Amino acid sequence: MSADNEALKNNISCASCGINSEDDDIKLKKCTACNLVRYCSITCQKNHRPQHKRACKKRAAELRDKILFQQPKSTHQGDCPICLLPLPHDLSKITLKSCCCKLICKGCVHANYLREEEEGIESTCPFCRRPVPKTATESKLNRTKRIEKNDPAAMREEGARCCAEKDYAGALELWTKASELGDADAHYQLSVMHCFDRSTVRDVKKELYHMEEAAIRGHQIARHNLGCHEGRNGRIERAMKHFIIAANLGDDLSMKKIKDGYVEGDVSKEDFAAVLRAHQASVDATKSSQREEAELAKQRGLSRIA
């Protein structure tokens, strides 16, 4: 029987008992790990597991790699909600407002400050226009309100503060909730937590899982770390794939790894040239005259932004 016919047979009949869904009007359920076969019941799935296990694991790994090695359209941070330009890769040039929990570039923050100074008005958030909190207690209250509304950014930020205060249980709970809501940085923080054994039980599988989930969502550092992990285990081709994806998103450390890989013969000339162009384009996309002005004002002490 050909592979196509075998696949067709597995889709219309139970892989264990062979009952035909078309003849017997029975709804078959897919093996969710590999999507290769179907079963009429949980009993049949369990009985067929010894025969199916190897092919299932192989196919599941292939499907996972297909998702893992797709190039994200942007970093996990996305765009500034005001100027709509990609947020800078340098985290010191981004601020998170506790009132709305939006990440805003400091170019927009500085422009808002200049407007307020010129008009002599109260200082407000450049996005939601709520008054800027005057104390840490007010900021915490704002984040608490956002957490109650299931805002993953607020959970992530509060988790970071818990971690800084060595409340690792609190950080673990908040980051877990944020990761379940799809937050890339929460996944990354959980991977770091498992790596440094800050959770109750260290789990290397969970560390890699959260690192991969963060990378899939465009987290450059998580992607770079995956490349380093693959490199340490001698899987150079997979390592370079990770570094290429991260470099395309503007990650400088991964770009350096690609240069080293090119020298060692692990990256082709064509791939190296393509990554150089993509990396520079990603970096250039985050630049603007407003952001440059904010940086100059910061250096001269002429702005309130930190």
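For the structure, check the block above.
Caption draft 1: Up close: the packing of aromatic side chains. Counted according to the given criterion, the structure contains one aromatic pair. Seen in terms of ring centroids, tyrosine 262 and phenylalanine 272 are 4.4 Å apart; in terms of plane orientation they differ by 10°. Their pairing is stacked. Placement of the pair is tyrosine 262 in helix H12 (residues 252–264) and phenylalanine 272 in helix H13 (residues 269–285), with a sequence separation of ten residues. Given a relative accessible area of 34%, tyrosine 262 falls into the partly exposed group. Its relative accessible area of 16% is what places phenylalanine 272 among the buried residues. Directly above the ring of phenylalanine 69 sits lysine 241, whose terminal nitrogen or CZ lies 5.2 Å from the centroid.

Caption draft 2: Structural detail: the environment of histidine 48. Of note, histidine 48 is situated in helix H3 (residues 42–68). For histidine 48, a relative accessible area of 10% gives the class buried. Residues histidine 48 and cysteine 17 lie 31 residues apart in sequence; the distance between their C-alpha atoms is 8.8 Å. For histidine 48, the contacting residues outside a window of four places in its chain are Ala15, Ser16 and Tyr39.

Caption draft 3: Quick look at the state of the cysteines. Counted under the stated rule, the structure contains zero disulfides. Between cysteine 31, a free cysteine, and cysteine 34, which holds the nearest cysteine sulfur, the sulfur-to-sulfur gap is 3.6 Å.

Caption draft 4: Quick look at the nonpolar core. Core analysis: the largest hydrophobic core is formed by eleven residues, namely Met155, Cys162, Cys163, Ala171, Leu172, Leu174, Trp175, Ala178, Ala186, Leu190 and Met193. Elements with a contribution of two residues or more to this core: helix H6 (152–164), helix H7 (168–180) and helix H8 (184–195). Considering each element in turn, this core owes the most residues, five residues, to H7. Look past the residues within four positions of leucine 190 in its chain and what remains in contact with it is Leu172, Trp175, Thr176, Ser179 and His210.

Caption draft 5: Structural context of a positive patch on the surface. A surface patch of like charges, here positive, comprises Arg49, Lys53, Lys57 and Lys205. Relative to the helices and strands, arginine 49 is located in helix H3.

Caption draft 6: The arrangement of the environment of glycine 218 in detail. Position of glycine 218 among the secondary structure elements: in the loop between helix H9 (204–216) and helix H10 (220–232). Expressed as a C-alpha distance, the spacing of glycine 218 and alanine 171, which sit 47 residues apart in the sequence, is 22 Å. Contacts of glycine 218, omitting those with residues within four sequence positions, involve Pro72, Ser74, Thr75, His76 and Leu249.

Caption draft 7: Fine view of the pattern of salt bridges. This model, assessed by the stated rule, comprises 17 salt bridges. Ionic pairing is found between aspartate 183 and arginine 156, a salt bridge with its closest N-O pair at 2.7 Å. In this pair, aspartate 183 sits in the loop between H7 and H8 while arginine 156 sits in helix H6, placing the two residues 27 residues apart along the sequence. Classification of arginine 156 as buried rests on a relative accessible area of 14%.

Calculation criteria
Each residue is numbered by its place in its chain's sequence as written, counting from 1. Given that the model is predicted, a residue must reach a pLDDT of at least 70 before its local features are reported, and side-chain atom pairs must reach 80 or more before they are shown or counted; all residues, however, enter totals for whole chains, interfaces and linings. Only hydrogens and water are set aside; all other atoms, that is, all heavy atoms of the structure, feed into the side-chain values. The rule is short: rings of Phe, Tyr and Trp, with Trp giving its six-membered ring, pair when the centres are within 6.5 Å, and they are stacked under 30 degrees, edge-to-face over 60, tilted in between. Here a strand is any run of E in DSSP of at least two residues, a helix any run of H or I of at least four, and the numbering for each starts at the N terminus. For the exposure calls, accessible area comes from a 1.4 Å probe over protein chains only, and a residue counts as buried if that area is under 20% of its type's maximum, exposed if over 50%, partly exposed in between. In this analysis the charged atom, NZ for Lys or CZ for Arg, is taken to sit over a ring once it is within 6 Å of the ring centre and within 35 degrees of the ring normal. It only takes one pair of heavy atoms within 4.5 Å for two residues to be counted as in contact. Whenever a pair of cysteine sulfur atoms sits within 2.5 Å, that pair is classed as a disulfide. The term nonpolar core refers to a set of buried residues drawn from Ala, Val, Leu, Ile, Met, Phe, Trp, Tyr and Cys, joined through side-chain atoms within 4.5 Å. By definition, no residue in a patch forms a salt bridge, and every one has over 30% relative accessible area; like charges are joined within 9 Å, nonpolar side chains (Val, Leu, Ile, Met, Phe, Trp, Tyr) within 5 Å. Only the protein chains shown count as cover for residues, and all accessible areas are computed by the Shrake-Rupley method using a 1.4 Å probe. Between Lys or Arg on one side and Asp or Glu on the other, a salt bridge is scored when a side-chain nitrogen of the former is within 4 Å of a carboxyl oxygen of the latter. Just so you know, the count uses Lys and Arg for positive and Asp and Glu for negative, and it drops His and the chain ends. Working definition for charges: the position is that of NZ of Lys, CZ of Arg, CG of Asp or CD of Glu.

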